[in-house]
Amino acid sequence: MATLNKPKTLLISLASVLLLVLALVLPASGVLNPYVVQILMYVGINMILTLSLNLVNGYMGEFSVGHAGFMGIGAYAASILTVWVLPRAWTPWAFPLVLVVGGLAAAVAGLIVAFPSFRTRGDYLAIVTLAFNMIVKSVLENLEVVGGPRGFLGMPRLTNLFWVTAWVLITVLILRRLVYSNFGRGITAIREDEVAANLTGVDTRRLKLYAFLISAFFAGVAGGLFAHLLQFINPRSFSIIKSTDMLVMVYLGGVGSLAGSLLGATIFTVLMEVLRPLGLWRWVVGPLLLVLLMIFRPKGIMGFKEWKWLREEKVASSQ
Amino acid sequence: MFQILAQNALNALQLGSVYALIALGYTMVYGILTLINFAHGDIFMVGTYLSLAAAVFLLGLPLGLPLVVVFVGALCFSMALTAVLGVVIERLAYRPLRQAPRVSAVITALGVGLFLENFTLGILGPEPRHFPTLIPLQAWEIWGLTITPLQILIILGAAVLMVLLDFLVRRTLLGMAMRAISYNRLIVPLMGVPVDRVISLTFAIGSAIAAAGGLMYGLAYPVLDPYMGIRIGWWAFIAAVVGGIGNIRGAMLGGFILGAVEIFTPVLLPSSTYRDFVAFSLLLLLLVFKPTGLLGRPVFERV
């Protein structure tokens, strides 16, 4: 019986609506100054990226270090739509669709990484994802139509706090359903022991494929949001340095935990903003943090733990 | 036509020598620890800056030192200090993780690499530095080929270092210990092999060779910036994987192949900016179809 869960579901829905209303009202009413809104939007985009990477690195235990590649493909695909394809007047209304297309483009690119993952694991797969990241960057730099190394601009500023909040909620709620589903159990089994998972009837290939596609999709959506916030993208925004930032957020917050991803993205984004006065030295903090985390607390803040509202819904026994 | 080809092959040999020297560091560490030391490209970068510092210092002394002395001094200084750097990195960052999942160590290595880059950037600022000329810039014409003393120095120097290393690994007690550890890390300590010391020495040797490669690179391509280690390091890493990571002769072979890729890409494709695309596509294809590289032995997974 699902009666026990009704209040929780209702509460989550209510909280989501409230958040969305706040995201719409607060910037418009001038309670939050534009700088704070800007930071909040970066936090939200980083949350989506971290959640998407956590699906592969945390839940499935595979090792992607090239997620900025997916983000870049999503960003360029979405930007091409709004700049060249769609009439300007339509773009505000078509924006969610544009982001979905960006995400789908990234998901298609996810195939490039998913297929090698059938044959290779561990650090070799890490190299594949890194090579993927480098190839994406190199291709973007050589495509003169989208500006080559100079970058691509002309996107309308469509990203606002409302859309960022909406996509964070969509990502969290979809991933929450996924990680406690058959799919989620399957990829967790792959993390624990791929051979054993295969022997107990888990279709490891299909699950890996799905995991990479879903993860790439959300990274692509985040890329689209990023492009329409900054209104300027260049291939260097999607280099291995960006991928490392995502890794820091995942491992800071905690692997295999949605709450961890939300926390990790928030803490890291705010920390980097607070450290802005340090200038060039700011960039030393992230890598140092990553090394210290790996040595002293490889599970991160929340490793494998979850906030209550994100936990699995207990199905009441039928007795 | 033949002359162009031969000239490019010579240039590829020069560049490939540098890649091979750096690839050796990757492959030695992987062979002994099964750790991809992603910081190695940045260790190379630090080595290049150290030799720059030594060269500028020695040239600035009011002694009028001959260039050979400056060269040897810079080489010794940077090799020694970079070796220390490699050992310190292993001690502080990798040793605590030796029992941890391999992925943790790989992430740590990425972090160490970025740390070195950004730390150097913080100290020196983003402006590129210029390497002084230590080798006379004359050119000899032989059978229509242009050969510079620098080219000969790089190719011969790299060859000497590689032969020495091959000898070290195959013929000495230390080399035997290295091969034993890479064969089985659980049993070997029981035979009285000081594993920690051998691993430290491996990092020292790998880093010192990268520093030698750094000096040669600095002489041949005299503009240095803190992020130079990323691209060179990656190319050397691909070289190590192409040759079969963990295999020292494979690293040399891979280095020359990657040197050829870089030199011949602009000859065959419209622009040299495609070189990263070509190199990483090569890596991707190789990993999918022959993950052990050209000279590597296949690894079987027991269930």
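Rules behind the numbers
Residues numbered from 1 in each chain as written. Chains lettered and ligands numbered in written order. Predicted model: local features only at pLDDT ≥ 70, side-chain atom pairs only at ≥ 80, totals over all residues. Helix = DSSP H or I, 4+ residues; strand = E, 2+ residues; numbered from the N terminus. Rg over C-alpha atoms; globule rule 2.2 N^0.38 Å. Buried ≥ 20, exposed ≤ 12 C-beta atoms within 10 Å, placed from the backbone. Contact = placed C-beta atoms within 7 Å. Axes fitted to C-alpha atoms, helices over the stretch in contact; angles between N-to-C directions. Parallel < 35°, antiparallel > 145°, perpendicular 65-115°, else oblique. Nonpolar A, V, L, I, M, F, W, Y, C, P; charged D, E, K, R; others polar. Expected span 1.5 Å × (residues − 1). Bend = angle between axes of the 7 residues up to and from the residue. pLDDT = per-residue confidence, 0-100. Left-handed = near helix turned anticlockwise from the far one by under 90°.

Undergrad: Which residues make up the overall build of chain A, and what values do they have?
TA: Looking only at helices and strands, chain A features 13 helices and 2 strands. Its C-alpha radius of gyration of 19 Å places chain A within 12% of the 20 Å reference for a compact globule of 319 residues. Taken over the C-alpha atoms alone, chain A extends approximately 60 × 45 × 40 Å along its principal axes. Looking at chain A as a whole, 50% of its 319 residues are labelled buried. Taking as baseline every contact in chain A between residues at least 6 positions apart, the subset at least 24 positions apart corresponds to 82%.

Undergrad: Quick rundown of the overall build of chain B? Include the residues and the values.
TA: Broken down by element type, chain B carries 10 helices and 4 strands. Listing every helix and strand of chain B by position from the N terminus yields α-α-α-α-β-β-β-α-α-α-β-α-α-α. Taking 303 residues into account, the globule formula puts the C-alpha radius of gyration at 19 Å, and chain B, at 19 Å, falls close to it. C-alpha extents for chain B along the principal axes are approximately 60 × 50 × 40 Å. Residue pairs in contact within chain B that sit at least 24 positions apart in sequence constitute 77% of those at least 6 positions apart.

Undergrad: An account of the packing of helix 2 (residues 34-59) of chain A against helix 11 (residues 240-253) of chain A is requested, with residue identities and associated values reported.
TA: All names here are of chain A. Contact geometry for helix 2 and helix 11: axes closest at 9 Å, N-to-C directions at 75 degrees. Considering the angle they form, helix 2 stands roughly perpendicular to helix 11. Within the contact between the two elements, helix 2 uses Asn46, Leu49, Thr50, Leu53, Asn54, Asn57 and Gly58 and helix 11 uses Met246, Met249, Val250 and Gly253. A breakdown of the residues in the contact of helix 2 with helix 11 according to their chemical character gives 5 nonpolar, 6 polar and no charged.

Undergrad: A description of helix 9 (residues 248-268) of chain B should follow, citing residues and the corresponding values.
TA: For helix 9 of chain B, which comprises 21 residues, the first-to-last C-alpha distance of 30 Å matches the rise-based estimate of 30 Å (1.5 Å per residue) to within 8%. Bending of helix 9 of chain B peaks at approximately 25 degrees at the position of B:Glu262, with proline B:Pro266 no more than four residues after it.

Undergrad: Let's hear about the confidence of the model for chain A: which residues, and what values?
TA: For chain A, per-residue confidence averages 88 on the pLDDT scale, and residues scoring 70 or more make up 96% of the total. Averaged over each element, pLDDT in chain A is lowest for helix 5 (residues 116-119) of chain A (78) and highest for helix 10 (residues 204-230) of chain A (95).

Undergrad: Any chance you could break down the interface of chain B and chain A for me, citing the residues and the numbers?
TA: Counting from both sides, the interface comprises 33 residues of chain B and, opposite them, 33 residues of chain A. Those elements that place two or more of their residues in the side of chain B that touches chain A are helix 4 (102-124) and helix 10 (275-289) of chain B. Take the side of chain B that touches chain A: its biggest share by element is 15 residues, from helix 4 of chain B.

Undergrad: Tell me about the packing of helix 1 (residues 2-33) of chain B against helix 7 (residues 195-220) of chain B, and name the residues and values.
TA: All names here are of chain B. Contact pair helix 1 / helix 7: the axes reach a minimum separation of 9 Å and the direction vectors enclose 165 degrees. It follows from the interaxial angle that helix 1 and helix 7 lie roughly antiparallel. Like other packed secondary-structure pairs, helix 1 and helix 7 cross with a definite hand, here left-handed. Residue composition of the contact of helix 1 with helix 7, by class: 17 nonpolar, 6 polar and no charged.

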